[in-house]
Amino acid sequence: MFEAKTRPLRAQRPRRRNNWPVVAALVVVAVLAIAFGFGQASGETDSGTVVFDRVEQETLHTDQADRQFRSASLVKLLIGLDLVERGIVTPKRPSPRMTRMLSHSDDAIASELWSSGGGPQIVTRVAADLGLSDTEPPDVPGRWGDTLITADDMVKVYQHILALPEAKRALLLDPLRDSARTAADGTDQHFGIPSALSGQPWGVKQAWAAGRGGVDAHTSGLVGSDDRYIVVVLTHHPEGYSLPKAESRVTAEVEELAALLG
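Everything numeric here is computed off the predicted structure, so don't read it as measured data.

Enquirer: Looking at this structure, how should I read the pattern of salt bridges?
Expert: When the charged atoms of two side chains with opposite charge come close together, those side chains can pair. Within the structure shown, the criterion is met by twelve salt bridges. Put simply, arginine 67 and aspartate 46 hold a salt bridge, and the shortest N to O gap is 3.0 Å. With arginine 67 in the loop between strand 2 (58–63) and strand 3 (69–70) and aspartate 46 in strand 1 (residues 46–53), the pair connects residues that are 21 residues apart, well separated along the chain. By relative accessible area, which is 22% here, aspartate 46 ends up partly exposed. With its nearest N and O atoms 2.5 Å apart, the salt bridge here joins glutamate 112 to arginine 97. Taken together, the residues glutamate 112 in helix 4 (residues 107–116) and arginine 97 in helix 3 (residues 96–103) connect sequence positions 15 residues apart. Via salt bridges that share partners, Asp82, Arg86 and Arg125 belong to a single interconnected network.

Enquirer: What is the right way to look at helix 5 (residues 120–130) in this model?
Expert: Since one α-helical turn is 3.6 residues long, residues separated by three or four positions face the same way. Turning to helix 5, its buried residues are Ile122, Val123, Val126, Ala127 and Leu130. Down the axis of helix 5, the smallest arc covering the buried residues is 120°, so these residues share one side. Helix 5 presents Ala128 and Asp129 as exposed residues on the side facing more than 90 degrees away from its buried surface. Looking at the buried side of helix 5, the elements it contacts are helix 2 (75–85), helix 4 and helix 6 (151–162).

Enquirer: What is the right way to look at the environment of aspartate 227 in this model?
Expert: One can find aspartate 227 in the loop between strand 6 (215–223) and strand 7 (229–237). For the pair aspartate 227 and glycine 203, spaced 24 residues apart in the sequence, the C-alpha separation amounts to 8.4 Å. Side chain to side chain, aspartate 227 and arginine 177 meet in a polar contact 2.8 Å long.

Enquirer: Even after reading the chapter, I still don't get the environment of glycine 80, so can you show me in this structure?
Expert: Locating glycine 80 in the fold gives a position in helix 2. Linking glycine 80 and tryptophan 114, residues 34 residues apart in sequence, is a C-alpha distance of 9.6 Å. Aside from chain neighbours lying at most four places away, what touches glycine 80 is Met98, Met101 and Leu172.

What counts, and at which threshold
Residues numbered from 1 in each chain as written. Predicted model: local features only at pLDDT ≥ 70, side-chain atom pairs only at ≥ 80, totals over all residues. Heavy atoms only, no water. Salt bridge = Lys/Arg side-chain N within 4 Å of Asp/Glu carboxyl O. Helix = DSSP H or I, 4+ residues; strand = E, 2+ residues; numbered from the N terminus. Buried < 20%, exposed > 50% of the residue type's maximum accessible area, 1.4 Å probe, protein only. Arc of directions from axis to C-beta. Contact = heavy atoms within 4.5 Å. Polar contact = N/O pair within 3.5 Å; in protein donor to acceptor, adjacent residues only side chain to side chain.

Structural data, given as structure tokens:
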């Protein structure tokens, strides 16, 4: 912030001041104020993306991959992984409820499994075991969808699942490969990866949430033969966005990444 300096007046013939610098400065301030106000009112879409090639062990694309987003239903993958890792769900003792939670993104089942597993402790356990540095449990214990995640951490989750023994891995990935077109809440959950990459094999966990500051829509999963690629696109859209519009934006982002997938 600039300070205006004063100096003693000298006895001299009054002269006409050049006010153009002042006027120009006021115009700049006004324009910036209008632009800032518009930006605040309209908001912007934020996204965090990663495309990882498991064959080449190379990140093909990354953008704001360490930015935290509200997980919404992506935390269901952590809930399922925790059940498998703790031996609650096993190949000999599978869980149709967990399968439906993942394939149909069933919120009611997620709430039950969240509570029985210790709520936020699920996130704490998985984050510690997998080294998820930017994944945090929700501030309000019962709001599992407010878990914070990043694209980088979601890639680690998929890498860990893929490293499990085949039978355990199938408990989590088969429901993702059989992701229902219509979710339990009636949402069309085939936006993003399924729509943009329909010509390739995929297994996905999708997520969406509206209210409390905006709309979140995420697509994540495995793409290609032998699950070659891990693709994660997380997005936050300002208030006023409809969920279908947010989902369309996610699909468009994945379409832009399609050329990277061989």
